[in-house]
Amino acid sequence: MGVERRVAAGLVSKLTAASLLLMPGAVPAQLPPAMLATCTACHGPGGNSQIAQTPSLGGQPKLFVENQLVLIREGLRDVPQMKSLTAGISDETIIALAQHFAALAPAPKALPVNQERVRLGAATASKMLCGTCHLPDYTGQKQVPRLAGQDEAYLLESMKQFRDNPGPGRDTIMSASLYGLSDADLTNLAHYFATFRP
C-alpha cells in the first residue's frame with residue numbers, strides 16, 4: 001500500500017473512531033473508583049503527571065481524550081502500556097473518562113526555565129503557527145491537545161515520533177508541520193510549551 005493510501009486509511013479510521021462517540025445514545029458511564037485509581041497511578045493526581053514521558057490529562061480537551069482512547073483501544077495508536085487497560089472498554093466509559101479529565105485543572109510541574117530555549121522555542125512556534133490549532137495560549141481545542149504545561153520529555157518524544165515515524169494513529173498534519181525541524185528545534189519547542197503558563 002502506498003504512503004498516500006496508508007495516510008488516507010489512517011484518516012478514515014480516525015474519523016470512524018471519533019464518530020462512534022458522537023452517536024446519539026452514547027452517554028457517559030459511571031467511572032469505577034478502581035479505574036480512576038489505575039489512571040492516576042501513571043497520569044498523576046488530578047490528571048497531572050509526575051512521571052517523565054507520561055502525559056498529563058488534566059484540562060485536556062474532551063474530544064481529544066476521547067479520540068486518543070478510541071485510537072488506542074482499536075490498535076490504531078500503539079501505546080503498549082495502555083493496551084490491556086483499554087481492551088474492551090466501552091464508548092460510554094471513554095466518554096466518562098474524557099469528561100472527567102477535561103474538567104480537571106492543569107497543574108504543571110515547576111521547572112527551571114531556560115530563557116534562551118524559551119526564546120528560541122517561542123520563535124519556532126510563531127513561525128510554525130502552532131497557536132492556530134492549539135490556540136494562542138496553547139490550551140488546545142476539540143481534537144487538538146493542550147501543550148501548555150505538558151510534560152517536557154513527553155512533548156519532545158511525541159514531536160519526534162510525528163516527525164520521524166508518520167503512520168497509523170499519528171496526526172498527518174503534525175507530521176507535515178514538523179517535517180524538517182531539527183532535534184534542537186524540537187527540544188526548544190518542548191521546553192517552551194512545558195514552561196508556558198496561560
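Remember, it's a predicted structure, so these values are computed and weren't measured experimentally.

1. Some thoughts on the overall build of the chain
Step number 1: Tallying secondary structure elements over the chain gives 10 helices and 0 strands in all.
Step number 2: The helix and strand sequence of the chain, counted from the amino end, reads α-α-α-α-α-α-α-α-α-α.
Step number 3: The buried share of the chain, taken over its 198 residues, is 40%.
Step number 4: For the chain, the share of sequence-separated contacts (at least 6 apart) that also reach a separation of at least 24 residues comes to 74%.
Step number 5: Accessible surface for the chain amounts to roughly 10,600 Å². Of this, 61% is attributable to carbon and sulfur atoms.

2. Re the side chain of Thr54
Step number 1: Secondary-structure assignment places Thr54 in the loop between helix H2 (33-43) and helix H3 (62-73).
Step number 2: For Thr54, a relative accessible area of 14% translates into the label buried.
Step number 3: What Thr54 contacts, discounting residues up to four positions off in sequence, is Cys42, His43, Ser49, Asp151 and Tyr154.

3. A short note on the packing of H2 against helix H5 (residues 91-102)
Step number 1: At a closest axis distance of 12 Å, the pairing of H2 and H5 adopts a crossing angle of 55°. Put simply, H2 runs oblique to H5. Relative to H5, the crossing made by H2 is right-handed. Residues Met35, Leu36 and Cys39 of H2 lie in contact with H5, whose contacting residues are Thr93, Leu97, His100 and Phe101.
Step number 2: A class-by-class count of the residues in the contact of H2 with H5 yields 5 nonpolar, 2 polar and no charged.

4. Section: the packing of H3 against H5
Step number 1: Remark: H3 packs on H5, axes separated minimally by 8 Å, with the N-to-C direction vectors making an angle of 140°. When the interaxial angle is binned, H3 and H5 end up oblique. Two packed elements cross with a definite hand, and for H3 against H5 that hand is right-handed. Judged by residue contacts, Lys62, Val65, Glu66, Leu69, Val70 and Arg73 of H3 engage Asp91, Ile94, Ile95, Leu97, Ala98, Gln99 and Ala102 from H5.

5. Quick notes on the state of the cysteines
Step number 1: What the rule picks out here adds up to 0 disulfides.
Step number 2: Residue Cys39 stays outside any disulfide, its sulfur separated by 8.9 Å from that of Cys42, the closest cysteine.
Step number 3: Its sulfur unpaired, Cys130 is 9.0 Å from the next cysteine sulfur, which belongs to Cys133.
Step number 4: Classification of Cys130 by relative accessible area gives buried; the value is 15%.

6. Section: the pattern of salt bridges
Step number 1: Under the counting rule described, the total for this entry stands at 9 salt bridges.
Step number 2: Counted as one network, the salt bridges with shared partners bring together Arg73, Glu74 and Asp91.

7. Here's the deal with the confidence of the model for the chain
Step number 1: Looking at the chain as a whole, its pLDDT mean stands at 87, while 84% of the residues score no less than 70.
Step number 2: The low-confidence segment residues 1-20, where pLDDT is below 50, has 13 contacts with residues more than four positions distant or belonging to other chains.

Calculation notes
- Residues numbered from 1 in each chain as written.
- Predicted model: local features only at pLDDT ≥ 70, side-chain atom pairs only at ≥ 80, totals over all residues.
- Heavy atoms only, no water.
- Helix = DSSP H or I, 4+ residues; strand = E, 2+ residues; numbered from the N terminus.
- Buried < 20%, exposed > 50% of the residue type's maximum accessible area, 1.4 Å probe, protein only.
- Contact = heavy atoms within 4.5 Å.
- Areas by Shrake-Rupley, 256 points an atom, 1.4 Å probe, with all protein chains shown as cover.
- Axes fitted to C-alpha atoms, helices over the stretch in contact; angles between N-to-C directions.
- Parallel < 35°, antiparallel > 145°, perpendicular 65-115°, else oblique.
- Left-handed = near helix turned anticlockwise from the far one by under 90°.
- Nonpolar A, V, L, I, M, F, W, Y, C, P; charged D, E, K, R; others polar.
- Disulfide = S-S within 2.5 Å.
- Salt bridge = Lys/Arg side-chain N within 4 Å of Asp/Glu carboxyl O.
- pLDDT = per-residue confidence, 0-100.

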